[in-house]
Structures are given as C-alpha cells and as structure tokens.
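Close look at the chain arrangement
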Amino acid sequence: MNRINKKLQEEQKLLSIYFTAGYPETEDTVSILQELEKNGVDFIEIGLPFSDPLADGPTIQESSTKALKSGMTTNKLFEQLKGIRDSVKIPLIIMGYFNPILQYGVEKFCEKCAETGIDGLIIPDLPVDVYNEEYKSIFEKNGLQNIFLITPQTSEERIHFIDSVSNGFIYMVSTASVTGSTSGFSEETRDYFKRISAMKLQNPQIVGFGISDEETFNQATEYAKGAIIGSAFIKHLNANGKNNIADFVKSIRPV
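All values reported here derive from a predicted model rather than from experimental measurement. (Residues numbered from 1 in each chain as written. Predicted model: local features only at pLDDT ≥ 70, side-chain atom pairs only at ≥ 80, totals over all residues. Heavy atoms only, no water.)

So, about the pattern of salt bridges. Under the criterion given, the structure shown has 14 salt bridges. Close ionic contact of D42 with R253 constitutes a salt bridge, the shortest N to O distance being 2.7 Å. Here the residue D42 occupies a position in the loop between α2 (29–38) and β2 (43–47), and R253 occupies one in the segment after α12 (245–252), the gap between them amounting to 211 residues. Here E107 and K141 are joined by a salt bridge, their closest N and O atoms 2.6 Å apart. Taken together, the residues E107 in helix α6 (residues 106–116) and K141 in helix α7 (residues 128–141) connect sequence positions 34 residues apart. Taken together, the salt bridges that share partners define one network made up of K7, E10, D42 and R253. (Salt bridge = Lys/Arg side-chain N within 4 Å of Asp/Glu carboxyl O. Helix = DSSP H or I, 4+ residues; strand = E, 2+ residues; numbered from the N terminus.)

When the UniProt feature table is mapped onto this chain, "active site" (unreviewed entry) is found at E45 and D56. Checked against the element boundaries, E45 lands in strand β2. The residues touching E45, leaving out its near neighbours within four places in the chain, are S16, I17, Y18, F19, I93, M95, I122, Y171 and I228. (UniProt positions renumbered as here; feature names shortened; annotations may be inferred. Contact = heavy atoms within 4.5 Å.)

What follows is about the sheet that holds strand β4 (residues 120–122). Note on sheets: strands pair through backbone hydrogen bonds, and any given pair is parallel or antiparallel. If you walk across this open sheet you meet the nine strands as β5-β4-β3-β2-β1-β9-β8-β7-β6, and the pairing is parallel. Each of the sheet's edge strands pairs with one partner strand only, and the pair in question is β5 (145–147) and β6 (149–150). As paired strands, strand β1 (residues 14–20) and β2 are joined by five bridges and run parallel to one another. Bridge pairing in β2 links T20 to G47. Sitting on the sheet, helix α11 (residues 231–240) is in contact with β1 and β9 (226–229), with an inclination near 55 degrees to β1. (Pairing = 2+ DSSP bridges. Axes fitted to C-alpha atoms, helices over the stretch in contact; angles between N-to-C directions.)

Quick look at the pairing of β9 now. In β9, alternate side chains face the same way, and those of G226 and I228 on one face and A227 and I229 on the other are all buried. As paired strands, strand β8 (residues 205–208) and β9 are joined by two bridges and run parallel to one another. By the bridge assignment for β9, V207 is matched with A227. The parallel pair β8 and β9, bridged by helix α10 (residues 214–220), forms a crossover whose chirality is right-handed. (Buried < 20%, exposed > 50% of the residue type's maximum accessible area, 1.4 Å probe, protein only. Right-handed = clockwise from strand over helix to strand, strands pointing away.)

For the rest of this paragraph, the subject is the packing of aromatic side chains. Inspection of the entire model under this criterion finds eleven aromatic pairs. On the numbers, 5.4 Å between centres and 65 degrees between planes, the contact of F98 with Y135 is edge-to-face. Taken together, the positions of F98 in helix α5 (residues 98–104) and Y135 in helix α7 put the pair 37 residues apart, joining distant regions of the chain. Here the aromatic rings of Y171 and F209 are separated by 6.1 Å at their centres, their planes lie at 85 degrees, and the arrangement is edge-to-face. With Y171 in strand β7 (residues 170–173) and F209 in the loop between β8 and α10, the pair connects residues that are 38 residues apart, well separated along the chain. Across the pair, F209 and Y171 agree in class, each one buried. Among the aromatic residues, those joined into a cluster by ring pairs are F78, Y104 and F109. Sitting over the face of the ring of Y104, K108 holds its NZ or CZ atom 4.5 Å from the ring centroid. (Phe/Tyr/Trp six-rings, centres within 6.5 Å; stacked < 30°, edge-to-face > 60°. Lys NZ or Arg CZ within 6 Å of the ring centre and 35° of its normal.)

Bringing unusual backbone geometry into the picture now. Between Y23 and the following residue, P24, the backbone shows a cis peptide bond with an omega angle of 5 degrees. Even without being a glycine, F209 presents a positive backbone phi close to 80 degrees. In this structure, N244 takes a positive phi of about 60 degrees despite not being glycine. Take N244: it is sitting in the loop between α11 and α12. When its relative accessible area of 41% is taken as the criterion, N244 is described as partly exposed.

Most of β2 sits out of view: five of its five residues are buried. Taken together, β1, α2 and β2 form a β-α-β motif whose crossover is right-handed.

Right, let's talk about α11 for a bit. Listing the buried residues of α11 in full gives S231, A232, F233, I234, H236 and L237. Check the buried side of α11 and you find it contacts β1, α2, α3 (58–69), β9 and α12. Positive backbone phi, at 65 degrees, marks G241, one or two positions downstream of α11.

Considering the arrangement of structural elements, one finds T20 in strand β1. T20 sits in the buried class, given a relative accessible area of 1%. When near neighbours in sequence (up to four residues on either side) are disregarded, T20 contacts G47, P49, I60, S63, S64, A67 and I234.

Below, the structure written as structure tokens:
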C-alpha cells in the first residue's frame, strides 16, 4: 500500500507542510524534511521550483525564484533525495508544474520519483482528462498517486470525475485566489467545506490555501481529513532559516 493511503487511515487530522526545494539555501532540502518529520508532520510536499508558478502567491514565488537563482534544478532535487528513505519515513509528495516535468520526460521523471521513494505528485496545471488518457498508466506503473485540485467553482460532475480517477486524497483549494492571500475563512468558504463533505466522496479531502495558524487549521479540518500549510511556513523560513521548525509545527497543532 502507498504510504499516502496508510497515513490517510490514521485517526487524527493530518498536517501537511509545503516548502520549496533548495530554499532558503540550496542544500537545505534534506535537513528540512528530516526536521519536519521529527516534529510530527504527517506528510510533506516538496515544491519543485519553476519560473512561472501560476497558482502561487508572492511568498512562494519568491522562494522559487531564489532557489532557481541558487542553482536548484530537477536533477539536483533527485540527487538530494537519494537515500532519503533511510531517514524519512512519512509520505513525500512533489508539487510542481507540468512544463519542467514534460521537459525532463514524464516517464523518466516518474521512474526517478519511484527510485527515490516519492509517493505522489501534485501538478496543478495538468488537467485530469489529459492525465487519465495519457499518463495514468505511467504513474501507476511507478506506484505514484497523482493528486488533483478542486476549488469552490468546480462543478459537482467534475468533482465526481476527479474522485473516480483519484486513489489517494483530493486537494481541496479553499479559495479561487493564489496561495498565501487569505486570512481566516469566511462563512461562504466554510459552507463550501460542508458541501464537499456532504458529497461523501470515496477519497478524503485535504484543504490547502489560507491555512496559517491553529485556528485556520482547525476550521479547515472540521469537515476534511487534513490541511496543508505552505506560505506561512515559507515566511517562517524567511525569518528563521531552518531554526525553530519545532515551534512552528507546535503553533499549528499543539502536542
């Protein structure tokens, strides 16, 4: 069974942290992964830096730009992740845009993910229809889950189709805006969480966008299995480097 599915079977609400590979310093990737696991994070999204990250707000964009300028590449990420499973056991997901993966070669990229112990991919600009027709067999052959996004604007028909193609969790985007741009959840957003929960989908939902503290984590997980924090953690890295990661995690989900 994929590590993601095993984790989803656990009773507690899950906390996922996103950070950009190669940020704040190029060689920080592995030590940040180890520190996050040590402090109780349930799974980690490793951001593959890209020059035109359409869904990301300024905080993650800036981290991506800095990582690229420092020499971060897809090859370097795979080099850094060699042997990662000797020290990190929780699910690892690469989040990135399709262009660098296509340039690398989709099959070659998936094989490298399998080789290094990656469990899944989140590719916001790869449509579910294209994935289902052209790439699903490659992902499955390499034991990779592809995680799809839904938003408040996604139709019920589309959500059911995404659910039928998925085999892990659905990334429930809390808002139509970019990452890092909201503070707290409106009544309308919480109604959206309730509406999706009431659909009784076969795949659990993990909420992303707009989660930055204990309050928003609790609001997001009232109707969902877990929540993802990205921009708030990048801001923590901006201010502290790799220090005090334990304090950050405790501020979201106190022990």
